Amino acid sequence: MDKDETILVVDDNHDNVEILQTFLESRGYRVAAATDGKAALAKLDEVHPALVLLDVMMPGMDGWQVCRTIKNHPDFSTVRVVMVTAKGGFEDKFEGMRSGADDYVVKPVDLNELAEKVRRNLEARLKA
Amino acid sequence: MKILARVQDAGLLEEVTAAANDLGAELIVIGGGPNGNDQQLFDALRTHPGLLFVEAVVGGNLPRMRAETRARGIGLVAACGSQREIQRVLEVGVDEWILLPSSVSELASRFQAAMRRRREGDHPDATSRAAEHLRYEELLYDRFTGFPTLSVMIDRGRDMLERAGRLTILYIEFVRYSKLEEIYGWQKLDEVLQTTANAVRVFYDSQREKEESLVMVSHTGDDDFIFFTDLQAIPAEVERRVNQIVEDLEAHIRTQLDETHGEDIAGLFSIYVGATTIFRNPKIRTERLIYRGIREAAQAARSVEHRERSRKVTDLKTMLREGAVEIEFHPIVVTDTQEVYGYEALARGGIKGMRSPEVMFGVAEEANLIWELSRLCRQRAIEGIPTHLNSEQYLFLNIDPHDFRDPTFRYLDMEELGIDHPERIVLEITERTAITDYPAFQEYLKVFREQGFRFAVDDAGSGYAGLGSIANLSPDFIKLDISLISGIDTNFMKQNLVETMVNFANDNGIKVIAEGVEREDEYETVKSLGCHFTQGFLFHQPRFMTQPTQPAGH
């Protein structure tokens, strides 16, 4: 698998960003970060990530809105979006599905599970 | 959020488009002609964009742009090609300026900065005359479309009537299928109305170039539009010209709706145009003349509408009389073995313009013929059993909650229904229809169940009922909505949802049908997730009743 791909981590909590960034970099991915929805959208154009790890609960534009914007954008509709959510309820998953999200991980994030989900989404991206 | 841009340079326009996209904003471009486009720009400002972007070299009345954007809290950004231009835009007091050439990311961040500054920054002086003037103007222009309201129209109409002695009024009635919001949501309706308003605006601008005398367009707040024109043609020509304008306008709106929203949604809208011409009469007050003219034009539009509707109702009655309904039989297969388990019967109208089930049932509902149409569709589907199904296969029939109020259906006159084996029939009830009275509905279902009928909840997951409501109906089948299945092979979110629904179904003794399976990979995925049955174009093209066919499975 080509690990030379960029993952964009979006979370308003700096500590979370740092943990995810360090972990993913240790796995050989290139990582970019943003701390709110609008910055994330600006970053998209700059780094052209293969996957976005997107926190749901953020001030301003929430994760669902950001996801919808990414998926509706002709240039970025194939970018994989993995939601990071505190709630794993049925209704939340529906909201995720309607926003066009590809996958989700539940907080607190199990890093091994995260690595597996990142891997399978990057793989699915090549297939889709 | 909306960004209004007046740009001439093609390269810059491309960058602005990309920047707007990045910000998730809708971009409206106002042409940069040398003159005359200011009015269009100021009209568009009334629709409350978040930002106005101008290329300084295009010119126009910058001070007025600044005053109006400031009063409305709209950000103003100017792109400059020289130091002199920068000096000029700084004097005017723009929120942000850019020296060309620029980049997409610079544009995006300037846009954001300007809007932020506008939001947080200086608010218009409440007592200033400019602000007061604008507040009044707000009342005179429709906030949604930016078109003038009737009071402004009357004023300009009076001028035209006095100048030309004659005024033609076009009334454009815009009618939507009543269930549109229920099925697609109000956001969709808003989008469609916006498309229509834009189409009317573009048409109006292009007409004005050809035809100086076509002047005004107004939005009545009721999704209708009014045009005034004092066509300078000779009287005999006027009617032909008006008909031509009406025809062009209708065609233009239709094309825009089709292109933007697809035929299915566009088909749910109708446009009716009525026209009337009034003449100056010194004995009657001009305003009264104009109001009367508008009323007449609106009545003319409505009578076109009534004619159209009654034509459709006549079509429907003809269909009912001749039994002109076609049934498509869509196979439902056992996921593991791909054996045909049963067929879903889908009805289509047999007359042009009535093919879509939504239109056909919509007309029937308005004409109070819904039971008759449902009966015909059921009857035709049931008639197809011997020729399309073998003795082990099931017929899936769509049922509307209305049908339970139909005496012939409700009291289960099996003979009249033509049903010999109710145990071979599965009644599908869509999750999209809000069921308001659950206890009564469950009572109906009980009676049917005792006779041997089985039930499916259709379109499950489309968003209206949760799993709890589905459980309340204790169906035999859950049919998963197409939106859950389409692309499921690469979407883990959908996979997870379907897995949850399959587990829920297994716990409750319900079978799951995956609908809308079109690709092999989707099939493999729903199979691995444990969906018991599968339906979709992957397996069989639908077969029409009109085609001679062998009973399935032989």
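Remember, it's a predicted structure, so these values are computed and weren't measured experimentally.

Reading the values: the criteria
Residues numbered from 1 in each chain as written. Chains lettered and ligands numbered in written order. Predicted model: local features only at pLDDT ≥ 70, side-chain atom pairs only at ≥ 80, totals over all residues. Contact = placed C-beta atoms within 7 Å. Helix = DSSP H or I, 4+ residues; strand = E, 2+ residues; numbered from the N terminus. Nonpolar A, V, L, I, M, F, W, Y, C, P; charged D, E, K, R; others polar. Axes fitted to C-alpha atoms, helices over the stretch in contact; angles between N-to-C directions. Parallel < 35°, antiparallel > 145°, perpendicular 65-115°, else oblique. Left-handed = near helix turned anticlockwise from the far one by under 90°. pLDDT = per-residue confidence, 0-100. Buried ≥ 20, exposed ≤ 12 C-beta atoms within 10 Å, placed from the backbone. Arc of directions from axis to C-beta. Core = buried A, V, L, I, M, F, W, Y, C linked by C-beta atoms within 7 Å. Domains from an automatic or database assignment.

Points about the interface of chain A and chain B
The interface of chain A with chain B comprises 21 residues on the first partner and 19 residues on the second. Within the residue set of the side of chain A that touches chain B, elements represented by two or more residues are helix 2 (37–47), helix 4 (90–99), strand 5 (103–106) and helix 5 (111–127) of chain A. Among the elements that take part in the side of chain A that touches chain B, helix 2 of chain A stands out by supplying 6 residues, more than any other. Across the side of chain A that touches chain B, the residue classes tally to 10 nonpolar, 3 polar and 8 charged.

A closer look at the packing of helix 2 of chain A against helix 3 (residues 63–72) of chain A
All names here are of chain A. Orientation of helix 2 relative to helix 3, taken along the N-to-C sense of each, is 25°, at an axis distance of 10 Å. Taken as axis vectors, helix 2 and helix 3 run roughly parallel relative to one another. You can see that helix 2 and helix 3 cross each other, and the crossing is right-handed. Along its contact with helix 2, which presents Gly-37, Ala-40, Leu-41 and Leu-44, the element helix 3 presents Gln-65, Val-66, Thr-69 and Ile-70. A class-by-class count of the residues in the contact of helix 2 with helix 3 yields 5 nonpolar, 3 polar and no charged.

Digging into the confidence of the model for chain B
Low-pLDDT stretches of the model should not have their predicted coordinates read in fine detail. All names here are of chain B. Here chain B averages 81 in pLDDT, while 84% of its residues score no lower than 70. A low-confidence stretch, residues 542–554 stays under pLDDT 50, and its non-local contacts, those more than four residues away or across chains, total 26 contacts. Model confidence for the complex is summarised by a pTM of 0.61, with the ipTM given as 0.90.

Re helix 21 (residues 520–528) of chain B
Residues and elements named next belong to chain B. Listed in full, the buried residues belonging to helix 21 are Glu-522, Tyr-523, Thr-525 and Val-526. Projected onto a plane normal to the axis of helix 21, the buried residues spread over an arc of 165° and lie on a single side. More than 90 degrees from the buried face of helix 21, the exposed residues found are Glu-520 and Ser-528. Buried residues along helix 21 sit in contact with helix 19 (482–485), helix 20 (492–507), strand 16 (511–514) and strand 17 (533–535). Taken from the residues just after helix 21, Gly-530 is the one with a positive phi, measuring 90°.

A closer look at the nonpolar core
One finds A:Leu53, A:Leu54, B:Leu51, B:Phe111, B:Ile478, B:Leu480 and B:Val498 to be the most contacted residues of the largest nonpolar core, which totals 123 residues. In terms of residue count, the dominant contributor to this core is helix 20 of chain B (6 residues). Both of domain 1 (2–136) and domain 3 (323–544) of chain B provide at least three residues apiece to this core. For A:Leu54, the residues in contact, after removing those within four places along its chain, are A:Val10, A:Gly63, A:Val66, A:Cys67, A:Val81, A:Val82, A:Met83 and A:Val84. In terms of nonpolar packing, the next biggest core, distinct from the first, is built from 38 residues, B:Phe225, B:Phe228, B:Ala275 and B:Ile278 among them.

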